[in-house]
Structures are given as C-alpha cells and as structure tokens.
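# Structural overview for review
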Amino acid sequence: MQHGKYRFVVGFLSVPLGLYALFVVWPFVQSIYYSFTDWTGLSPEFEMVGLDNYSRMLDDEIFWKSLQHSVVFALLVPLVTLGLALFFAFMINVGGRKRKGGPVVTGVRGSGFYKIVYFFPQVLSIAIVALLFQFAYNPDSGAVNSLLRGIGLGSLQPLWLGDPNLALWCVMAVLVWSTVGFFVVLFSAGMASIPAELYEAALLDGASRFTTFFKVTLPLLWDTVQSGWVYMGILALGAESFAVVQIMTTGPGGPDYSTTVMVLYVYQKAFRDGQAAYATTIGVALLVVTLAFAALVMKLGRRERLEY
C-alpha cells in the first residue's frame with residue numbers, strides 16, 4: 001500500500017500547485033518587482049528607482065487617507081455585518097417561542113421566508129446594488145429623503161453622498177446590507193447542526209435566550225464566525241469596497257477624498273494617471289494590511305476547539 005505513495009501525491013499536487021504559483025504567487029512577485037521601477041504601465045521600457053516609490057507613498061496625504069478609510073472598512077464592516085447576521089440567524093433558528101405540541105427549540109414564525117428575504121441581496125450584483133442605492137441617496141428625488149419628508153422630517157435633508165462627513169458611512173451601510181444575508185444563511189446552517197438537546201438542557205436549567213446564545217451557540221459556532229470575519233475583512237478591503245465606492249461616489253472617492261480606499265487609489269493611479277509602478281507600491285501596502293488583518297483575527301480569535 002505504501003509503494004509509490006509519494007509519487008502519487010506529488011503527481012496530484014504538482015498541477016494545482018503549479019497553477020497556483022503561476023496565477024497567484026507570480027503576479028505578487030511581479031508587483032513587488034515593479035514597485036521598485038518607474039514603469040508607467042504602457043511603456044515597454046522602465047528603470048529601477050529603488051525605494052523612491054515607497055518614499056513617495058509615505059509622503060502622500062491621499063494614501064494615508066485611503067489607508068485610514070480601508071482600516072475603518074476592515075474593522076467596522078465585518079463587526080456590524082457578522083453581528084447582525086448572528087442575531088438574525090439565532091432568531092430564525094432558536095429565537096422562537098415554544099409552540100403547543102412542537103419542539104422546545106424553534107425559530108420565529110416565518111423563519112423560512114425571512115431566510116429568503118435576507119439572502120435576496122446576494123442574488124443581485126454588487127454593481128446593481130450600488131446603482132440602486134446611488135439613486136436612493138439622491139438628495140432631491142431619492143427614496144431616503146422622500147421617506148424623511150413623508151414622515152414629517154423634511155427639515156432633515158442630508159446630502160448623503162455629497163457630504164464628506166456622511167459619504168463613507170453611507171457606502172459602508174450599503175456594503176453591510178448587501179453581504180449580511182450570505183452570513184445569515186451560513187450561520188443558520190451552522191446552528192442547524194448543533195444538537196437541539198444542548199439548547200433544551202440550557203433552557204430547562206433556566207438559561208435565557210441571551211445566555212444560551214453566548215454560552216452555547218457562539219462557542220460552538222466560533223470557527224465559522226472566525227472564518228467569516230477573515231472573509232468579510234478581505235471583501236471590505238478589496239473588490240466589494242472598490243465597487244461601491246467607484247459606482248456610488250463623486251470623483252470617484254469624493255467628496256474631497258472622503259471615501260477613497262486603497263484599492264480604488266491603486267486603480268486610479270494605474271489606469272487614470274498612468275503610474276503603474278506607484279500603483280503596485282500601494283498594492284504591496286494593501287497586501288501587507290490584508291495579511292496583517294487576517295493574522296490579527298486568527299490570533300485574537302484563537303481558542304480551544306469545541307466538539308459535539
């Protein structure tokens with residue numbers, strides 16, 4: 001049974017590892033290399049400039065603004081998204097009252113319908129979601145200000161995306177709305193696999209729903225929550241934040257760079273300003289931030305694995 005085992009394993013791993021190195025690792029290596037050049041992205045010729053791009057990046061005020069906004073995205077969007085998703089999933093699966101002749105542990109009435117409602121935004125492209133909310137935030141004819149006028153709050157007519165103090169929060173709210181449904185379904189699947197006897201024992205011992213959540217559900221679901229935290233943080237630092245900011249905001253990234261995030265700044269420098277080398281330098285910084293975020297979440301979230 002052991003004969004030729006290693007050749008068999010290497011034969012299966014060589015192709016996927018080769019593809020991974022070619023399409024994932026090699027582009028990272030190229031980006032790091034180009035960050036030490038003056039490449040424009042179009043010219044076939046370029047020269048090595050050493051650490052000039054990194055020195056320029058450290059003196060770039062817009063870069064620091066974009067870094068600050070990306071860090072806010074990475075910290076707050078996963079926190080709010082996963083918090084809401086855990087609450088909704090718990091109510092759908094465990095939060096209902098005991099019905100006559102039914103099981104002790106059950107979800108709220110209409111839980112199947114709520115799952116569909118929460119998951120609905122996942123059916124839509126993030127570009128479509130961003131366009132819909134761009135219209136909704138319109139200060140003159142948008143649904144949000146129209147609702148405020150309809151309930152007698154016509155004096156409150158914020159510019160929303162036109163206000164530097166509100167624009168970033170408006171964009172983050174859209175990102176939360178569009179992703180929370182995915183995690184509701186994910187956490188619901190995890191909660192459905194937890195034996196009902198554990199909940200029944202906790203309730204019979206007099207534990208409240210609040211206590212049951214923090215003492216039973218969350219510890220047994222922690223691995224899923226931790227993975228979701230890393231995944232959501234990467235989305236907030238990457239493609240999802242780029243899409244909503246690029247489509248919804250003026251500039252994009254405005255007003256006054258109040259919504260510029262790192263991934264958008266990379267795109268602007270590479271394709272708008274023709275500064276591909278400087279863009280890859282910012283991309284390297286984004287890579288470091290993403291890896292640091294993932295490492296921090298895995299470090300802080302490490303705990304003894306619970307089995308049932």
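Residues numbered from 1 in each chain as written. Predicted model: local features only at pLDDT ≥ 70, side-chain atom pairs only at ≥ 80, totals over all residues. Heavy atoms only, no water.

## Thoughts on the side chain of Asn145
One can find Asn145 in helix α6 (residues 143–150). In this structure Asn145 comes out as buried when scored by relative accessible area, which is 0%. Engagement of the side chain of Asn145 in a polar contact is seen with the backbone oxygen of Pro139, the distance being 3.0 Å. What Asn145 contacts, discounting residues up to four positions off in sequence, is Asn138, Pro139, Leu156, Gln157, Pro158 and Trp160. (Helix = DSSP H or I, 4+ residues; strand = E, 2+ residues; numbered from the N terminus. Buried < 20%, exposed > 50% of the residue type's maximum accessible area, 1.4 Å probe, protein only. Polar contact = N/O pair within 3.5 Å; in protein donor to acceptor, adjacent residues only side chain to side chain. Contact = heavy atoms within 4.5 Å.)

## Quick look at the packing of aromatic side chains
The geometry of two aromatic rings is summed up by the distance between their centres and the angle between their planes. Summed over all chains, the structure comprises 23 aromatic pairs. Pairing Phe63 with Trp64 gives two aromatic rings, centres 5.3 Å apart and planes at 65°, and the pair type is edge-to-face. Among the residues examined, Phe63 registers a relative accessible area of 4% and is labelled buried. Aromatic side chains Phe213 and Phe214 sit 4.9 Å apart centroid to centroid with 90° between the ring planes, which places their arrangement in the edge-to-face category. The class of Phe213 is buried, set by a relative accessible area of 13%. Its relative accessible area of 41% is what places Phe214 among the partly exposed residues. A network of ring pairs unites the aromatic residues Phe87, Phe88, Phe113, Tyr114 and Tyr118 as a single cluster. (Phe/Tyr/Trp six-rings, centres within 6.5 Å; stacked < 30°, edge-to-face > 60°.)

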